[in-house]
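# Structural features, examined
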Amino acid sequence: MLHQQKKRMNEIGNTDFLPINGTDYIELYVGNCKQAAHYYQSAFGFQPLAYAGLETGLKDRESYVVQQGKIRLVLTSPLHGGTEIGKHIDKHGDGIKVVALWVDDARDAYYETISRGAKPYFEPVEEEDDYGYVVRSGIHTYGDTVHVFVERSKYNGVFLPDFKAWTPAYHPSPVGLKYVDHMVGNVGWNEMNDWVNFYASVMGFSQLVSFDDKDISTEYTALMSKVMSNGNGRIKFPINEPAEGKKKSQVEEYLDFYEGAGVQHLAVATDDIITTVTHLLERGVEFLRVPDSYYEELKGRIGDIDEEIVQLKALGILVDRDDEGYLLQIFSKPVEPRPTMFFEIIQRKGARSFGKGNFKALFEAIEREQELRGTL
Ligand code: FE2
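What counts, and where the lines are drawn
Residues numbered from 1 in each chain as written. Predicted model: local features only at pLDDT ≥ 70, side-chain atom pairs only at ≥ 80, totals over all residues. Heavy atoms only, no water. Donors = N, O, S within 2.8 Å, 3.2 Å for Na, K, Ca; no water. Helix = DSSP H or I, 4+ residues; strand = E, 2+ residues; numbered from the N terminus. Phe/Tyr/Trp six-rings, centres within 6.5 Å; stacked < 30°, edge-to-face > 60°. Buried < 20%, exposed > 50% of the residue type's maximum accessible area, 1.4 Å probe, protein only. Salt bridge = Lys/Arg side-chain N within 4 Å of Asp/Glu carboxyl O. Domains from an automatic or database assignment. Contact = heavy atoms within 4.5 Å. Polar contact = N/O pair within 3.5 Å; in protein donor to acceptor, adjacent residues only side chain to side chain.

## Some thoughts on the coordination of the iron ion
Six octahedrally arranged donors around a metal ideally form angles of 90 or 180 degrees; four tetrahedrally arranged donors ideally form angles of 109.5 degrees. Only His182 (NE2), His265 (NE2) and Glu344 (OE) from the protein reach the iron ion as donors, at distances of 2.0 to 2.2 Å. Between consecutive donors of the iron ion, the numbers of intervening residues give the motif H-x82-H-x78-E. Of this pair, His265 sits in strand β14 (residues 262-270) while Glu344 sits in strand β17 (residues 342-349), and the two are 79 residues apart along the sequence.

Right, here's the structure in full:
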């Protein structure tokens, strides 16, 4: 990784102008954050962390923060009509608004990206309480989605200033989710390269892998995807656009229901996918299933793996291999009424790719769901 980073620095002729330590938090605007927080606790094993709302002096919204491993979700709802948050929910349904990135200098991050053409979301602002201060700033990305830069080296509170610890009696056990592996955006027809260029020129990312529509298509539907990654490789953003097929592609279905570009899925890593998925299934998380025939062909396609294929089949876990190793993955059904955002659970055993070999089987599974929805 270090070698890659150096190579990249040589390529661009200077140091990374936007060093990012990792994903800081993901904020979803949802209709009922109190119930959503309960769902992410009970179904996905997130732990209660922080709260902000009427009791902490906020007048217009309420937020619950839940955490598992390094993954922090902020669930936010408006407290009255006519708010920006409410309008976002009305247009898009529940969905990801903020992809916050942890940086050492949020002012620098802002001015470096603005000077390269980013559209401002908010200027750097210092927020403080008894536990220190944070600096945050924000820029727009695809659709109504934004990136917020978070500088928190001078802060040791529970989450951010003006949040208080949230310590309910109810906290079901975690399921082994560790960190955000990657996060996929769906953008409009012929817009993929514009957003690839945005991440390259405005944020200093480089392209990791490229697929074309021949890689990712079935008889009916197709998409194109490119993966953008930051200098140290901790942030990976695949970007999809729909491609022509005989019928409506899943990306197009997403764009219709989300009413624009947005985050399609959040991939969260585990180091024991069998245990994690066993717990998630017990707790009511619904996953896409591929036909049993997938597992009959698996050994021939993948070769030897540590896991028992019969166990993977029972849970519906998929496997793919690249030059560096293999990965195990499974995709949830959308977690809101609209067929929009979903989760991927991923375990990497050497592989650094994204499961290209599973796309066909997976898309056919998605098409069966689209057929049920009458949107194919
Ligand atoms: Fe993924």
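Here the narrative resumes.
## Overview of the packing of aromatic side chains
The tally for this structure, following the rule as stated, stands at 21 aromatic pairs. For the pair Tyr39 and Tyr40, a centre-to-centre distance of 5.2 Å together with 70° between the ring planes defines the contact as edge-to-face. Classification of Tyr39 as partly exposed rests on a relative accessible area of 30%. An aromatic cluster is present here, built from Tyr142, Trp195, Phe198, Tyr199, Phe205 and Phe237 joined pairwise through their rings.

## Focus: the pattern of salt bridges
According to the stated counting rule, one finds 15 salt bridges in the structure shown. Here Lys349 ties to Glu307 by a salt bridge, and the two come within 2.6 Å at their closest N and O atoms. One end of the pair, Lys349, is in strand β17; the other, Glu307, is in the loop between α8 (293-302) and α9 (309-315), with 42 residues separating them in the sequence. Classification of Lys349 as partly exposed rests on a relative accessible area of 26%. Within the structure, one salt-bridge network assembled from shared partners comprises Asp24, Arg72 and Arg152.

## A look at the domain arrangement of the protein chain
Annotation of the protein chain at the domain level lists domain 1 (2-165) and domain 2 (177-373). Each of domain 1 and domain 2 has a C-alpha centre, and these two points are 23 Å apart. With 49 residues of domain 1 at the interface, the matching set in domain 2 holds 41 residues. Our count for the contact surface shared by domain 1 and domain 2 stands at zero salt bridges. Counting the contacts that link domain 1 with domain 2 gives 13 residue pairs in polar contact (both at pLDDT 80 or more).

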